[in-house]
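# Architecture and fold: a report
Residue-level listing of the chains:
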Amino acid sequence: MMVQGSNRWRRFAEWDERPLRLDKFAAEDAASGFSAFSSPSDPKPSVGIVEGQVSSLDGVPAADFDMIDLFIAKYHIDPAVAPEAMAIPSPQIARMLVDMNVPRAELVRLAHGMTPAKLAEVVAELSALEIAFAYSKMRARKTPGNQAHVTNAKDDPLQLAADAAVAVALGFDEIETTMRVSRNAWSNAVACCVGAAVGRWGVLFQCSSEEAEELRIGMAGFSSYAETVSVYGTERAFIDGDDTPWSKAFLAAAYASRGIKMRCTSGAGSELLMGFHESKSLLYLEARCLCLQRAMGVQGTQNGGIDGAPLTATMPGGFRELMAENLIAVWLDLECASGNDARPTESEIRVGAKILPYLIAGSDLICSGFGSILKYDNSFNPSLLNGEELEDYLVLQRDFEADGGLTPIAEEATLDLRRRATDAIAAVFEELDLASPSAAMLASVVVASGSDETESYRPGEVAVISEAIKARALSVIDVIRALAARGFREEAENLLQLVKLRVSGDYLQTSAVVRGGRVLSAINDPNDYQGPGTGYRVSEARRQELNAIRDVLDRETVLNQEAEVARRSARELSLKVMGPAEIGTDGAEVVVGVSPGFGVKLFRTVGGIPLAALMTEMVAGIEEGGGRARIVRMRHTADTSFLGLSAARLSGSGIGIGLQAKGTAVIHQADRLPHNNLELFSNSPITQLSHYRRLGYNAAQYAQGLAPEPVVVPTRGEAMGSRYHARVALIYAIETELTEDGAAPEEIMMSFGRVPA
């Protein structure tokens, strides 16, 4: 609300209305757990090794180990490496992380001998820029990838299938779903499973549910990876979840035994949210989590804040901490789905800043859940980026020539994909006697952007379908058979290929994704960054894919559009050359110097005003101001200032107007320097006919020696350059191609046909 009165600078009231002010910020308070990088309660790095066994860890003797210390000491610390790694000063190791001459493999070897406190102390030495660089160097797989959230507010399986198909087309390597009603897990899994088989095969999918239920769904073949096995950095947080590191390790092994890819989840702020932070810093606790995960033998981690990201973002250095914990993950040689799933801010500027280091550095999965659907449909809560901002992300990829794992799709292709996906899931439901969606339901989903626009299943109806799938013990094989029986052979084969992959187990390698029908992982696509020209580089073919966003102007398009306008407008404005222009003697004269392409090849301003209408108003304004208009075409220049100055020097009054066909205009005086004009109308896209009329009026007033009030075209800070400059540059090229060095100005007789309103 705007504060009235004189006791407050009103700018603060304006700032109060910005989205940023919806964010809340926390004071640094280590005792209460609000400390990102360090706390007085954090232990100092140390390790004791006696007869090949860890006898103490970060100042804690083995006799006092909690279960986290015990697990790390037994399964993470490499006693053969620890004395060497722990003896190297932390600043020296930090410099090694950003030294392109130190191989990744050497740093990974040393990390396996470091304690959580040592790992945290090292990465705390790095600036945000250095962390991003080190991340780029240390991530396991060379080729970056991305993961999508596919959910909706109704748990509608038709919409899930359609949105999954679009996510596949966009290039996501993994799709993750969850539900509003837990009973709907089986239906959600089947829907995403079918939708992800449309168009190509190889996109992995998971259904995030209660851990035992999630494992059952995986065993039935409806999911191919899991990443929501949570670990914590304090013992009491573990106990609060009725878990131990051993139970989590057992669950991870159970997934792997069924050929299901497996990552754990951890991240800053989770212990603080649960109330068991021990006054330790976020980074130290996360370092413990990551050492645990490596000790458990899982493929990788989903970290970088996750559910705790919004809390972490309230603290000083919060975003930097999230990057630092991701760096520890890849340094430990874990596959990393690097967060960016929870939305930690309402500020779009903070959102863009948050994603940029990851986009530039690359990651196994840049987002562990990019909301490919609209925010309100995201059942995980809004992601850092969602369906609303997806095109912004595509443009960022193009801006930085950085591969963020996504590929623009053609608008005309999406309806076919969505129709195919909804038809496929409907066929499966009918073939398995689960449901029979109507044609109207399918049609509403195909065109809907979100669940607010669909006339499809409600959560209660979905529960009936879901419980039937579970009760009848249907498996992915039943779904494959149903697809094949109903004529969806391509989708059936795509799904079957993914199931076969579970048998080979190739995608259980670190950082595995499926691209082009083959597994790509840290084994056959290792990150080999060793300085400029090495590591992942965007190929020319991939660059062209990234460039193919919507609404890209090219010269041919602009020229064709202008030619079409010229054909329609030629009847409206006629400019007849009367001969060389001479210097005038009439003291009331205002010479309007138009550009070479004015009324010849160009017939409208950038703002879309027909030149005939513009000239009608401008001449009328000159006459209202007591002047007389004379039109001259300049052929030696298309520059606004020199058009105006040249016109002024031909004018009997010494006052001239320079006017480009694109609408930029200037009032000039014969004895002034070229760029020191009387009035300039530079924002032609927002310059209206009334402005051009007043411009003519003022020019006539100047011609009489008067001092009229300058015309100011109001702007509200629009980014004119981003909206118009690509088109302006292409149009201006038409003008400059018509210039001729030393060409004399031409007297023009102007006549109008039908002048548009």
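Within any chain, residue numbers begin from 1 and follow the written order of that chain's sequence. At least 70 in pLDDT is required for a residue's local features to be given in this predicted model, at least 80 for side-chain atom pairs to be given and counted, and no such filter applies to totals for whole chains, interfaces and linings, which use all residues. Values reported for side chains reflect all heavy atoms of the structure, with hydrogen atoms and water molecules removed beforehand.

## Things to note about the packing of helix α10 (residues 211-219) against helix α12 (residues 245-257)
Axis separation between α10 and α12 bottoms out at 11 Å; the angle between their running directions is 15°. In terms of axis orientation, α10 runs roughly parallel to α12. For the crossing formed where α10 meets α12, the hand is left-handed. Where α10 approaches α12, its residues E211, E214 and L215 are matched on the opposing element by K248, L251, A254 and Y255. Each residue is assigned to one of three groups, with Ala, Val, Leu, Ile, Met, Phe, Trp, Tyr, Cys and Pro labelled nonpolar, Asp, Glu, Lys and Arg labelled charged, and all others, Gly among them, labelled polar. Within the contact of α10 with α12, the residues separate by chemical class into 4 nonpolar, no polar and 3 charged. Working convention: axes come from line fits to C-alpha atoms, limited for helices to the stretch in contact. Angles between N-to-C directions cover 0 to 180 degrees. Under the DSSP-based scheme used, a helix requires at least four consecutive residues in state H or I and a strand at least two consecutive residues in state E, with every element numbered from the N terminus. Any angle between 65 and 115 degrees counts as roughly perpendicular, while under 35 counts as roughly parallel, over 145 as roughly antiparallel, and the rest as oblique. Less than a right angle of anticlockwise turn of the near helix away from the far helix marks a crossing as left-handed, whereas a clockwise turn marks it as right-handed. By definition, residues are in contact when any of their heavy atoms lie within 4.5 Å.

## Comments concerning the packing of aromatic side chains
Only rings of Phe, Tyr and Trp enter the pairing, Trp through its six-membered ring, and a pair is recorded when the two centres are within 6.5 Å. The plane angle decides the type: under 30 degrees is stacked, over 60 is edge-to-face, the rest tilted. The full count for this structure, using the stated rule, is 11 aromatic pairs. When the centroid spacing of 6.1 Å and the interplanar angle of 75° are considered together, the rings of W9 and F12 count as edge-to-face. Here the term buried applies to any residue with accessible area under 20% of the maximum for its type, exposed to any over 50%, and partly exposed to those in between, with areas from a 1.4 Å probe on protein chains only. Note on F12: relative accessible area 40%, which makes it partly exposed. Lysine NZ or arginine CZ positioned within 6 Å of the ring centre and within 35 degrees of the ring normal marks a charge as sitting over the ring. When the ring centre of F319 is taken as origin, the NZ or CZ atom of K354, which lies over that ring, is 5.9 Å away.

## Overview of the sheet that holds strand β18 (residues 665-669)
Strands qualify as paired when DSSP identifies two bridges or more between them. Spatially, β14-β20-β16-β15-β17-β18-β19 is the arrangement adopted by the 7 strands of the open sheet, whose pairing is mixed. This sheet does not close on itself; its edge strands, each paired only once, are β14 (573-580) and β19 (679-681). When the angles between neighbouring strand axes are averaged without regard to direction, this sheet yields 30°. Along the sheet, helix α28 (residues 689-703) contacts β15 (589-594), β17 (655-659), β18 and β19; its crossing angle with β17, the most-contacted strand, is approximately 155°.

## Considering the pairing of β15
Where burial is concerned, most of β15 is hidden: 6 out of the 6 residues are buried. Neither face of β15 is open: one carries E589, V591 and G593, the other V590, V592 and V594, and all of them are buried. Relative to strand β16 (residues 628-633), β15 runs parallel, the two sharing 6 bridges. Its bridge partner being in β16, V594 is matched across the sheet by R633. Looking at chain direction, β15 and β17 are connected through 5 bridges and run parallel. Looking across to β17, one finds that V594 is bridged to L659.

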